[in-house]
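What follows is each chain in one-letter form.
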Amino acid sequence: MKSFKTSLILFLFLSMISNYNLSASGNVNIVPKPVSAVEKKGHFVINSNTKIVFNFSDEHNVNIASPLNAHISKFYGMEPLAIAAAPKMSSNSIFISLNKKSGIKPEGYLMDVSGSGVSIEASTPAGLFYAVQSLIQLMPAEEMRMDKIKVPYVSVEDYPRFEWRGLHLDVCRHFMPKEFVLKYIDYMAMHKLNTFHFHLTEDQGWRIEIKRYPRLTEIGSKRKETIMGRGNEAVKLYDGKPHGGFYTQEDIKEIVAYAAKRYVTVVPEIEMPGHALAALAAYPELGCTGGPYEVATKWGVFKEVMCAGKEGTFEFLQNVMDEVLALFPSKFIHIGGDECPKESWKECPDCQQRIKELGLKDEHELQSWFITRMEKYLNAKGRDIIGWDEILEGGLAPNAAVMSWRGEAGGIAAAKERHKVVMSPGTHCYLDHFQGAKETQPLAIGGFTPLEKIYSYEPVPAELSAEEAKYIMGAQGNVWTEFMPNPAHVEYMVYPRAAALAEVVWSPKESRDYKNFKERMEKMVLRYYSYGINFCRLEFQK
């Protein structure tokens, strides 16, 4: 008898583990993988009489119900489900309950699919939205006409591992139309990514309207031509075609509002003091020499940077930031801070005078002072700064967060100093790298970062103690567009690799399994086809 009981317990335990692992041979193939999902026998059937029922009524109802109804209409040709309000669940309904006192973690949710319908509960609207994304993935992955949608019985408990689940887009090297940016945000939300890092200014183009400084877009948003090839050839060839574009402030408001309805925070990046040739071309007095300057037509790092010795530089940046803050409600503002050569400062009388007056040791400390000054301005406006890991050089500004891209050393150092960190090392998080054999792939900047390598990434370095690890906010995929001239090329480089990163930053570390991820992704890529995402098919060729 004792042996029988032991065997029964073992059988039940193994069954539970099997359910937890979400074997793709079943009906539950959610990406990113939930914390827990227990599949049961049977299906709930959504039909034309099924209602979406909320226990609350505000603007979040539309945000949460819209993606569900849009999916049902697009994929299956059904009419949108009716929306109603009620305090409790009724039969044949998708009951969506906001319970702020539930104890469910922020952005997390509980979902139960049974014969009565679908019950969803969360403590935040974002959690309800993510539950709906998971519910969509429980439906048939193929696009086909039907009047009844079978959803497997399952109980799901889910919440994200990290608060910053980011994806970046450089629209400066190559401008991307607003309509694509909106699609980009849609695809992020589908994968439960919640932070859109919008890289808006560069040497090769200034992409945001600043009303006080019209020449930033009149001059700075346009370059006369673009280098061809990798740019490191002995003979440099240019295409002879002007390239430009920018977002009006109305465009920005639309993008930010669109993202907010999908629970995505837009974090703008305004580069300083380097990567600023487009701004210098528009306002030469911001540079150490006064110019003339030209919007860059090739890639790389340029010695011409903003002058740290002139008060006019800070007046300009503060005025720009005033308009940026009015458009972006994000807690963090990205100020760049990377790849700032010091040659101009070494030769600039104003910069050298500033170093002398402040008693600074060198130009690295001058950059630290520059960043700290801008940080104080933004802190006074209720915002925090985040910058690339070079802002560590010369001393880190008091409240700054660090985005670690040159490996993990910068992130480790910042976390040990009790600064918040987003990990985005080039080794694992740069989506502009090759993802297959170079001879089979379009031109890229270099590197080799296939799907499995991204999936293998662990954002919390082993060098950190448990207390220090609390400062790791999450991780982010970076998309630099030197060699991505159009939206289709961006999609090819980003997906499905962004899905792998989404699972890294959402799912429990101990539950990750690449083979299982790929099995679940077989269903997700069917949706990619229907959504028209130009994803890389290397890992999903039959």
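Keep in mind it's a predicted model, so treat the numbers as computed, not measured.

A.B. asks: Break down helix H16 (residues 487–494) for me, citing the residues and quoting the values.
C.D. replies: With six of eight residues buried, H16 lies mostly within the body of the structure. When we look at burial in H16, the residues that qualify are His 489, Val 490, Glu 491, Tyr 492, Met 493 and Val 494.

A.B. asks: How would you explain the confidence of the model for the chain if you had to name every residue and give the values?
C.D. replies: Looking at the chain, the pLDDT average stands at 95 and 95% of residues meet or exceed 70. Predicted confidence is poor over residues 1–25, with pLDDT under 50, and the contacts of this stretch with residues over four places away or in other chains come to 25 contacts.

A.B. asks: Requested: an account of the pairing of strand E7 (residues 149–158), with residues and values cited.
C.D. replies: Counting buried residues along E7, seven of its 10 residues qualify, which places the element largely inside the surrounding structure. In the sheet, strand E1 (residues 36–46) pairs with E7 via eight bridges, with the strands oriented antiparallel. Along E7, the bridge assignment pairs Glu 39 with Val 154. By the bridge criterion, five bridges tie strand E5 (residues 109–114) to E7 in an arrangement that is antiparallel. Bridging from a neighbouring strand, Leu 110 pairs with Glu 157 of E7.

A.B. asks: Can you tell me about the sheet that holds strand E16 (residues 421–423), naming the residues and giving the values?
C.D. replies: What the eight strands build is a closed barrel, ordered E8-E9-E12-E13-E14-E15-E16-E17; its pairing is parallel. Neighbour-to-neighbour, the strand axes of this sheet turn through a mean angle of 30°, independent of strand direction. Judged from the three bridges that link them, strand E15 (residues 401–404) and E16 form a sheet pairing that is parallel. Residue pairing across strands places Ser 404 opposite Met 423, the latter belonging to E16. With respect to the sheet, helix H17 (residues 497–506) is in contact with strand E8 (164–170) and strand E17 (472–477), its orientation differing from that of E8 by roughly 150°.

Rules of the game
Residues numbered from 1 in each chain as written. Predicted model: local features only at pLDDT ≥ 70, side-chain atom pairs only at ≥ 80, totals over all residues. Heavy atoms only, no water. Buried < 20%, exposed > 50% of the residue type's maximum accessible area, 1.4 Å probe, protein only. Helix = DSSP H or I, 4+ residues; strand = E, 2+ residues; numbered from the N terminus. pLDDT = per-residue confidence, 0-100. Contact = heavy atoms within 4.5 Å. Pairing = 2+ DSSP bridges. Axes fitted to C-alpha atoms, helices over the stretch in contact; angles between N-to-C directions.

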